[in-house]
Amino acid sequence: MPNNPEITVGQLSSRSGVAVSALHFYEAKGLIRSRRTAGNQRRFSRDTLRRIAFIRVSQRVGIPLRTIQEALSALPDGRTPTREDWARLSAMWQDELDDRIRQLERLRHGLTECIACGCLSLDRCALANPDDVAAASGPGSRLMVAPRRESAPGCGSE
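Residues numbered from 1 in each chain as written. Predicted model: local features only at pLDDT ≥ 70, side-chain atom pairs only at ≥ 80, totals over all residues. Heavy atoms only, no water.

The name recorded for the protein chain in an unreviewed UniProt entry is Redox-sensitive transcriptional activator SoxR, from Streptosporangium amethystogenes subsp. fukuiense.

Engineer: In this structure, what is going on with the packing of aromatic side chains? I would like to understand it.
Structural biologist: Describing an aromatic ring pair means giving the distance of the ring centres and the angle of the ring planes. Counted under the stated rule, the structure contains 3 aromatic pairs. With a centroid separation of 5.2 Å and an interplanar angle of 90°, the aromatic rings of F54 and W86 are classed as edge-to-face. Within this pair, whereas F54 is found in helix α3 (residues 48–60), its partner W86 is found in helix α5 (residues 83–92), the two being separated by 32 residues in sequence. Residue F54 is classed as buried on the basis of its relative accessible area of 6%. Note on W86: relative accessible area 28%, which makes it partly exposed. Ring centres of F54 and W93 lie 6.3 Å apart, and the angle between their planes is 45°; on these two criteria the pair is classed as tilted. One end of the pair, F54, is in helix α3; the other, W93, is in the loop between α5 and α6 (94–117), with 39 residues separating them in the sequence. Classification of W93 by relative accessible area gives buried; the value is 5%. (Phe/Tyr/Trp six-rings, centres within 6.5 Å; stacked < 30°, edge-to-face > 60°. Helix = DSSP H or I, 4+ residues; strand = E, 2+ residues; numbered from the N terminus. Buried < 20%, exposed > 50% of the residue type's maximum accessible area, 1.4 Å probe, protein only.)

Engineer: Looking at this structure, how should I read the side chain of S13?
Structural biologist: Here S13 shows up in helix α1 (residues 9–16). In contact with S13, not counting residues within four places along its chain, are V18, A19, V20 and L23. (Contact = heavy atoms within 4.5 Å.)

Engineer: I'm lost on the environment of S73 in this one. Help?
Structural biologist: Mapping S73 onto the fold places it in helix α4 (residues 65–73). Classification of S73 by relative accessible area gives exposed; the value is 51%. Measuring from C-alpha to C-alpha, the distance between S73 and G30 comes to 8.1 Å, with 43 residues separating the pair along the chain.

Engineer: Explain α1 to me, please; I cannot follow it from the model alone.
Structural biologist: For an α-helix, the turn length of 3.6 residues means that residues three or four places apart are oriented alike. Every buried residue of α1 is listed here: V9, L12 and S13. In an axial view of α1, the angular spread of the buried residues amounts to 100°, which keeps them on one side of the axis. α1 presents S14 and R15 as exposed residues on the side facing more than 90 degrees away from its buried surface. Check the buried side of α1 and you find it contacts β1 (6–7), α2 (20–28), β3 (42–45) and α3. Of the residues flanking the end of α1, it is G17, one or two places downstream, whose phi is positive at about 80°. (Arc of directions from axis to C-beta.)

Engineer: What should I look at first to understand unusual backbone geometry in this one?
Structural biologist: Residues apart from glycine generally show negative phi values, whereas peptide bonds are mostly found in trans. The phi dihedral of N40 is positive, around 65°, even though this residue is not glycine. Following the sequence through the fold, N40 ends up in the loop between β2 (35–36) and β3.

Engineer: Before we go on, may I ask you to explain the pattern of salt bridges in this structure?
Structural biologist: Once their charged atoms are close, side chains differing in charge can pair, the charge on each being opposite to the other. By the definition in use, this model includes 5 salt bridges. A salt bridge links E27 to R42; its shortest N-O distance comes to 2.6 Å. Taken together, the residues span a long stretch of sequence, with E27 in helix α2 and R42 in strand β3 at a distance of 15 residues. The buried category is assigned to E27, whose relative accessible area is 18%. On the basis of relative accessible area, R42 is assigned to the partly exposed category, the value being 21%. (Salt bridge = Lys/Arg side-chain N within 4 Å of Asp/Glu carboxyl O.)

Next comes the structure, spelled out in structure tokens:
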């Protein structure tokens, strides 16, 4: 393989394991950059592979793309994040990640209770109707069934 400092979008996709369409999306969102050849073909610097790895790891731990883009755009000259950058950013994101973990643990606990009891009772289900907020909308299944336009005879339409 020649020692070319640039790679094509296909090569970038193959080496990173990210679909070409996702790379185009990342580029449109300002997460990665390419230059265009005289024939209007995209060329990426090889360090884009590290940038994509940074993006994928950040996404995997639940960091939204907007937050990732803000972090990358704050780097001098749009450079690829270093180990020190990752340490600093991950420390900044620690509280947000801890909050997400707590939310997921509550969801897991609620889901386990729901599966264990099997009731799916909307008046006490912590997942579908926390604190029975649907009671204010009236009787019946308000969350699972679309509201009727007219009440049928004998269904409270007196």
